[in-house]
Amino acid sequence: MNDSVPSRVLLSAGLQARIDSQELAGRLRKETTGEVLFDRGSRGRYATDASIYQVEPVGVFVPRTPDDVALALAIARDARVPVLPRGAGTSQCGQTVGAALVLDNSKYLNHVIAFDKEAMTVTVQPGIVLDHLNAWLKPHGLWFPVDVSTAAQCTLGGMAGNNSCGSRSLYYGNMVHNVVAINAWLADGSQARFCELDAMRAGASGRIARLVDTVEAIAVREHAEIAERYPKVLRRVGGYNLDIFHPQSERPYTRDGSVNLAHLLVGSEGTLAYTGQITLALAPLPKAKALGIVNFTDFSKAMDSTRHIVKLGPVAVELVDRTMIELARGNPAFRPTIEKALIGKPDAILLVEFAGEDRAEQLRRLKNLVDLMGDLGLPGSVVEMPDEQEQKALWEVRKAGLNIMMSLKGDGKPVSFIEDCAVPLEHLAEYTDQLTEVFARHGTRGTWYAHASVGTLHVRPILDLRRDGSAKMRAIAEEAASLVRRYKGAFSGEHGDGLVRSEWVDWQFGERMMGAFAGIKDAFDPDGLMNPGKIVRATKMDDASLYRFKPGYAEQPLRTALDWSAWNVQTDPVTEEVSAPGTGGDASGGFAKAIEMCNNNGHCRKFDSGTMCPSYRVTKDEQHLTRGRANTLRLAVSGQLGPDAMTSETLHETLDLCVGCKGCKRDCPTGIDMARMKTEFLYHYRKRHGMRLKDKLVANLPRYAPWAAKFAPLLNLRDRLPGAARLSEHWLGLSAKRSLPRWRADTFMAGLGAPAAAPAEAAEVVLFADTFNNYFESENAGAALRVLRAAGYHVHVAQAKGETRPLCCGRTYLAAGQVDQAKQEARRSIDALLPFVARGIPVVGLEPSCLLTMRDEFLAYGFGEEARALAGAALLFEEFIARESKAGRLSLKLKALPQSTALLHGHCHQKAFDAVKPVQAVLGLIPGLEVKLIESSCCGMAGSFGYEAKHYEVSMKMGELALLPAVRQAGTDTLIVADGTSCRHQILDGAGREALHVARVLEAALA
Ligand SMILES: Cc1cc2nc3c(=O)[nH]c(=O)nc-3n(C[C@H](O)[C@H](O)[C@H](O)COP(=O)(O)OP(=O)(O)OC[C@H]3O[C@@H](n4cnc5c(N)ncnc54)[C@H](O)[C@@H]3O)c2cc1C
Ligand code: SF4
Ligand code: SF4
């Protein structure tokens, strides 16, 4: 990557930039209020979307206001640099990839501008996320019903750009059917409201009036060709919507048959104009829903039945095939949900949803479905699901479909290029059969799922684009295209054209229509400045120089500190057999391949429940997002950010705000574990740059803790002596606004008597007293000891043989990248605990981040079976109590507490290991206690992160996202429960409330 405007693509778009990129950046900085991101890392982060491509942009501009957009367009026009509008960058076809100035609307331009409840319309800025809009609309009983799978992150501007379609398009239509008007800028700076033709004409003059005339003239001229060439299916999103003047879609674009010029912009992928505001038609939230799941033992029969099922008037008919059913069954989170939908071992299921005002009516339609399947020779094939909670859970499994598939390890990946062809329903069965044969002939296979109701089935053959995948992609695309032509379907039925399919617009619409499309493009954008190379004048789909993994892409050799060999594998595309760990040919031992698992789907931009990704939630910066980090790391490990990128400041800044919460490890569909990746990075970074005093102090805390406890009063002066906190901020970088954990002489270990032998027949546990609960909050460890004893267990307290220094999981070292020291601590712990584990005694710990290190990082140190044995025996206190209680072995007498409610905040690592439910279960054992869970992400403290002066603001913002306001709202008669040491500290600092470890709550309730 370099700092000049990349000339190759500019020239291919017929452009010659007038200034270099630094001058362009300078003007943007001077003349606008937006963020100007022209550094290598930022350009790298915006070089990809959820497609197979990677093209370095000229630079990135994040407008704060609509005026910034107008100014940026003018500056780019002066410079003759193209512009590329972008929302969440979740396009699958390379729409948002290009050598242009990328304008990211998602950070600031995301507001509701106007709302008319009566007319059921809303006007929004382009960067608003669909789920956020729908949350805003919900209290009004309305929603925007184009329910795409990426609803949690995709923006309305991007949805309009792609003419996106949701699962319920059969009933609600695509974007084009639901957009009322678009206010847009043209590349030359003129502005217009694109809306119903007559209204637009009435308000237009000069350039805009001429534009309207030109568009209409082209459409009238091509009337016959449009009728001939446009596929007559609902799901056609390729090319321009020039058929607005005489629609060819199965569903009219407007309710009254009028022509709306906004519809020409819908699906134009940012190539015609820049959307500033969109007015959308809304729908009432359906009051009642009923779901029928039809089970088929034969896939073809499922395809064939769809055309009959749609006649019952469902809002959705969605397919899930056997492979995906099995993948969902294999996932512990999805198994219970999918199994409720199955009858035996089906080859495919169809999810058929009925929705409307009246519940009885939906149930009646569900019965009709049962009857219909009987008539079609499949009696007893329908699982009736009237319960809306159960329905919701099943839809989540369906929505996760693509993501489940994308978790395939190795270089072969399911590739999106024919994944949304649409064919008329009567040909669906033949089409899927024949395409399956095509895959087999090319040595691959695909998994089928999604929108059966509208003939748009998703399928991605597994291809290795670093080897022979490119040639196979071309061959399969050609065969798929001829099938689509035979069945008079649409080659692009949902995801648009972008780089992968613009070449096929010509194939679909023919030379004459291509000429018309070029005429439209030139009328709007005569200088070719708007997102060039998409829809018209396109590059080839298999131009490998545009690939993310270009010819010559290679992982750089790296001796890693952690074991990444599980990712260093290859997967057979047909059998999906995975080769042995370490055989994948990755010169970095699997680290790079673990990073490359990120497919840019952008799910980490979500704001709903779940932890991922707190630093993005407070900054809204691509840099501080799991995806941004993974992309930066990928560029670094493949040498695309220079020779020393793995130890560079660019990477350090990118990973700096990652709090290591492991939210991504659980929530990212492909399992990106950025916390572990950050540890690996810091290991290399510290080796080169050394440790700062503050890092040494934090990392070595477990080693000097015994000494510090002896001098507790002296060390605690920092929070008492006036000015001492300021000095510590100055010298050590520890925020003066924070109190520090208080050292104490009465440590847990100091208060223990001599170990006693376990009485015969007694159930035994071994308690792991971590550094924090031993030195700072010994009452927690004491409470756990007393509760376990009260329940009749003989409790051993783990200690290292022949040493006085307590055991430690090594987490503070990991946080500083000192993997060697962390391994030494792990070794001590394994040696001390294995004798208990060998006797089948569970290891119980209190601090989630410490205990769960045994189940996670210990496995990446190369300690083999010993580490696995310990991981299998290590349980959090609450997991142990909940397990014993469930097994009927817990004999613990508990009484009611003075408080009737407990408000629970789960530690991020508890969430990552699904260990919050046990806390709820354990608190639920206390008579009369109602347990409420705070839907929080990270508390913001994250070990030492929040103590650092430079992180203080971000840390508090994370706390303010949900946790601190919820705690403040709680009455003083509510118990606040948090198992994480740092979470408790954040709650105290931010809301002035004491939070308790669950062990202390149980202790208080001991009868
Ligand atoms: C896992 C996964 C599942 C998906 N599921 C679906 C699905 O169910 N249905 C579906 O239709 N799609 C789906 N997609 C594709 C994609 O998510 C959608 O097309 C989405 O609407 C794109 O939104 P975005 O904000 O990411 O747009 P982007 O990708 O950022 O942009 C999309 C296009 O719009 C243009 N654009 C953005 N903002 C503007 C603006 N202000 N003015 C002019 N042009 C603009 C861009 O230039 C680009 O051409 C899926 C993708 C993934 C990765
Ligand atoms: S990090 Fe995970 S969730 Fe985020 S874009 Fe990559 S694969 Fe998707
Ligand atoms: S570990 Fe947490 S903060 Fe870091 S990238 Fe993952 S979700 Fe984001």
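In case you missed it, the structure is sitting above this.
The shown structure was predicted, so the numbers you read here are calculated from the model rather than taken from an experiment.

Asker: Got a sec to walk through the overall build of the protein? Specific residues and values, please.
Answerer: For the protein, the helix and strand inventory stands at 44 helices and 26 strands. At 30 Å, the protein has a C-alpha radius of gyration in line with the 30 Å of a compact globule built from 1007 residues. With respect to the principal axes defined by its C-alpha atoms, the protein has extents near 95 × 70 × 55 Å. Sorting the 1007 residues of the protein into buried and exposed places 62% on the buried side. When contacts within the protein are restricted to residue pairs at least 6 apart in sequence, long-range pairs at least 24 apart make up 73% of them.

Asker: Explain the site of ligand 1 to me, using residue names and the numbers behind them.
Answerer: Near ligand 1 you find 37 residues, and of these P85, G87, T90, S91 and T155 are the closest. Separating an oxygen atom of ligand 1 from a side-chain N or O atom of T150 is a distance of 2.8 Å. Protein coverage of the free-state accessible area of ligand 1, which is 970 Å², stands at 97%. Those elements that provide at least two residues to the shell around ligand 1 are strand 3 (83–86), helix 6 (156–162), strand 10 (274–281) and helix 17 (401–405).

Asker: Just give me the short version of the packing of aromatic side chains, but keep the residues and values in it.
Answerer: Throughout the structure, instances matching the rule amount to 28 aromatic pairs. Aromatic side chains W707 and F711 sit 5.1 Å apart centroid to centroid with 45 degrees between the ring planes, which places their arrangement in the tilted category. Exposure remark for F711: the relative accessible area of 37% places this residue in the partly exposed category. Grouped by ring-pair contacts, the aromatic residues Y704, W743, F772, Y775 and F776 constitute a single cluster. When the ring centre of W395 is taken as origin, the NZ or CZ atom of R168, which lies over that ring, is 4.8 Å away. We note R617 situated over the ring of F607; from NZ or CZ to the ring centre the distance is 6.0 Å.

Asker: Quick rundown of the pairing of strand 14 (residues 348–356)? Include the residues and the values.
Answerer: With 9 of its 9 residues buried, strand 14 lies for the most part within the structure. Two strands pair when backbone bridges link them, and strand 12 (residues 288–296) and strand 14 are joined in this way by 9 bridges, in the antiparallel orientation. Along strand 14, the bridge assignment pairs L291 with E353. Direction of pairing for strand 13 (residues 316–321) relative to strand 14: antiparallel, over a ladder of 6 bridges. Across the sheet, the residue bridging to A316 is E353, located in strand 14.

Asker: Report on the site of ligand 2, specifying residues and quantitative values.
Answerer: Near ligand 2, the surroundings consist of 13 residues, among which C598, N601, G602, C604 and C668 are the closest. Broken down by class, the residue content of the shell around ligand 2 amounts to 5 nonpolar, 7 polar and 1 charged.

Asker: Would you mind going over the pattern of salt bridges in detail, with residue names and values included?
Answerer: Inspection of every chain in the model, using the stated rule, returns 83 salt bridges. Linking E361 and R365 is a salt bridge whose minimum nitrogen-to-oxygen distance equals 3.8 Å. Of the two residues, E361 and R365 are both situated in helix 15 (residues 359–375); the distance of 4 residues between them amounts to about one turn of the helix. Judged by relative accessible area, which is 27%, E361 ranks as partly exposed. Ionic pairing is found between E384 and K367, a salt bridge with its closest N-O pair at 2.6 Å. Note that E384 is positioned in strand 15 (residues 382–385) and K367 in helix 15, a separation of 17 residues in sequence. Residue classification places E384 among the partly exposed residues on the basis of a relative accessible area of 36%. A residue is classified by how much of its surface remains accessible, and K367, at 45% relative accessible area, is partly exposed. What emerges from the salt-bridge pattern is a single network uniting D411, D464, R466, R467, E555, K593 and E596.

Asker: Lay out a negative patch on the surface in plain terms, naming residues and giving numbers.
Answerer: A cluster of acidic residues, D298, E430, D433 and E437, forms a negative patch at the surface. Tracing the chain through its elements places E437 in helix 18 (residues 428–441).

Asker: Provide a residue-level description of the environment of D198, including the pertinent values.
Answerer: Among the structural elements, D198 can be located in helix 8 (residues 197–203). Expressed as a C-alpha distance, the spacing of D198 and N260, which sit 62 residues apart in the sequence, is 8.7 Å.

Asker: Summarise unusual backbone geometry; cite the residues concerned and give the values.
Answerer: Following M612, the chain continues into C613 via a peptide bond in cis, with omega recorded as -10 degrees. Following the sequence through the fold, C613 ends up in the loop between helix 22 (591–596) and helix 23 (614–619). We note that M120 has phi near 55 degrees; this positive angle belongs to a residue other than glycine. In this fold, M120 is placed in the loop between strand 5 (112–116) and strand 6 (121–124). Judged by relative accessible area, which is 26%, M120 ranks as partly exposed. In this model, I535 sits at a positive phi of 70 degrees, which is unusual for a non-glycine residue. Summarising the element assignment, I535 is placed in the loop between helix 21 (503–524) and helix 22.

Asker: Explain the nonpolar core residue by residue, including any values.
Answerer: If you look at the biggest cluster of nonpolar residues, it comprises 82 residues, and the most contacted ones within it are L633, M674, M677 and Y861. Of all the elements, helix 35 (residues 819–838) adds the most residues to this core, at 9 residues. Sequence-distant contacts of L633, defined by excluding residues within four places in its chain, comprise F591, I595, M646, L651, L655, M674 and M677. Core analysis: the second largest hydrophobic core is formed by 62 residues, I128, M200, L280 and L282 among them.

Asker: Lay out the side chain of K694 with the relevant residues and their values.
Answerer: Along the chain, K694 falls in helix 28 (residues 693–699). When residues no more than four places from it in sequence are discounted, the contact partners of K694 are L732, L734 and E948.

Asker: So, the sheet that holds strand 24 (residues 901–905): which residues are in play, and what are the values?
Answerer: With parallel pairing, the 3 strands of this open sheet are ordered in space as 25-24-26. At either end of the open sheet lies a strand with only one pairing partner, and these are strand 25 (930–933) and strand 26 (974–978). Each strand of the sheet is rotated relative to its neighbour by a mean of 25 degrees, with strand direction disregarded. As judged from the 5 bridges shared by strand 24 and strand 26, these two strands associate in the parallel manner. Of the residues in strand 26, the one forming a bridge with L903 is I976.

Asker: With reference to specific residues and values, describe the environment of A100.
Answerer: Mapped onto the elements of the fold, A100 is located in the loop between strand 3 and strand 4 (101–104). A residue is classified by how much of its surface remains accessible, and A100, at 3% relative accessible area, is buried. Through-space distance from the C-alpha of A100 to that of V81 is 6.4 Å; in sequence the pair is 19 residues apart. Apart from the residues lying within four places of it in its own chain, the contact partners of A100 are P57, V58, G59, P82, V83 and L84.

Asker: So what about the sheet that holds strand 4? Which residues, and what values?
Answerer: Taking strand neighbours across the sheet as the criterion, the 4 strands line up as 1-2-4-3 in an open arrangement whose pairing is mixed. A strand with exactly one partner marks an edge of an open sheet, and here the two such strands are strand 1 (35–37) and strand 3. On average, each strand axis in the sheet is inclined to that of its neighbour by 20 degrees, with strand direction left out of account. Bridging between strand 2 (residues 59–62) and strand 4 involves 3 bridges; their strand directions are parallel. From the neighbouring strand, F61 faces strand 4, where its bridge partner is L103.

Asker: Lay out the side chain of E353 with the relevant residues and their values.
Answerer: Inspection of the secondary structure assignment puts E353 in strand 14. Among the polar contacts listed, one links the side chain of E353 to the side chain of R168, at a separation of 2.7 Å. At a separation of 2.9 Å, a polar atom in the side chain of E353 contacts the side chain of W395.

Asker: Explain the pairing of strand 5 to me, using residue names and the numbers behind them.
Answerer: Note: strand 5 against strand 6, 4 bridges, orientation antiparallel. The residue bridging A114 from the neighbouring strand is T123, located in strand 6. Two successive antiparallel strands, strand 5 and strand 6, enclose a turn made up of 4 residues, where M120 displays a positive phi of approximately 55 degrees.

Asker: Describe the packing of helix 25 (residues 649–656) against helix 27 (residues 674–689), listing the residues and the values that go with them.
Answerer: Taken N-terminus to C-terminus, the directions of helix 25 and helix 27 make an angle of 140 degrees; their axes are 11 Å apart at the nearest point. The hand of the helix 25/helix 27 crossing is left-handed. Facing E649, L651, H652, L655 and D656 of helix 25, the residues of helix 27 in contact are M674, K678, F681, L682, Y685 and H689. By residue class, the composition of the contact of helix 25 with helix 27 is 6 nonpolar, 2 polar and 3 charged.

What counts and how
Residues numbered from 1 in each chain as written. Chains lettered and ligands numbered in written order. Predicted model: local features only at pLDDT ≥ 70, side-chain atom pairs only at ≥ 80, totals over all residues. Heavy atoms only, no water. Helix = DSSP H or I, 4+ residues; strand = E, 2+ residues; numbered from the N terminus. Rg over C-alpha atoms; globule rule 2.2 N^0.38 Å. Buried < 20%, exposed > 50% of the residue type's maximum accessible area, 1.4 Å probe, protein only. Contact = heavy atoms within 4.5 Å. Near = heavy atom within 4 Å. Polar contact = N/O pair within 3.5 Å; in protein donor to acceptor, adjacent residues only side chain to side chain. Areas by Shrake-Rupley, 256 points an atom, 1.4 Å probe, with all protein chains shown as cover. Phe/Tyr/Trp six-rings, centres within 6.5 Å; stacked < 30°, edge-to-face > 60°. Lys NZ or Arg CZ within 6 Å of the ring centre and 35° of its normal. Pairing = 2+ DSSP bridges. Nonpolar A, V, L, I, M, F, W, Y, C, P; charged D, E, K, R; others polar. Salt bridge = Lys/Arg side-chain N within 4 Å of Asp/Glu carboxyl O. Patch = residues over 30% accessible without salt bridge, like charges linked within 9 Å, V, L, I, M, F, W, Y side chains within 5 Å. Lys, Arg positive; Asp, Glu negative; His and termini not counted. Charge placed at Lys NZ, Arg CZ, Asp CG, Glu CD. Core = buried A, V, L, I, M, F, W, Y, C linked by side-chain atoms within 4.5 Å. Axes fitted to C-alpha atoms, helices over the stretch in contact; angles between N-to-C directions. Left-handed = near helix turned anticlockwise from the far one by under 90°.

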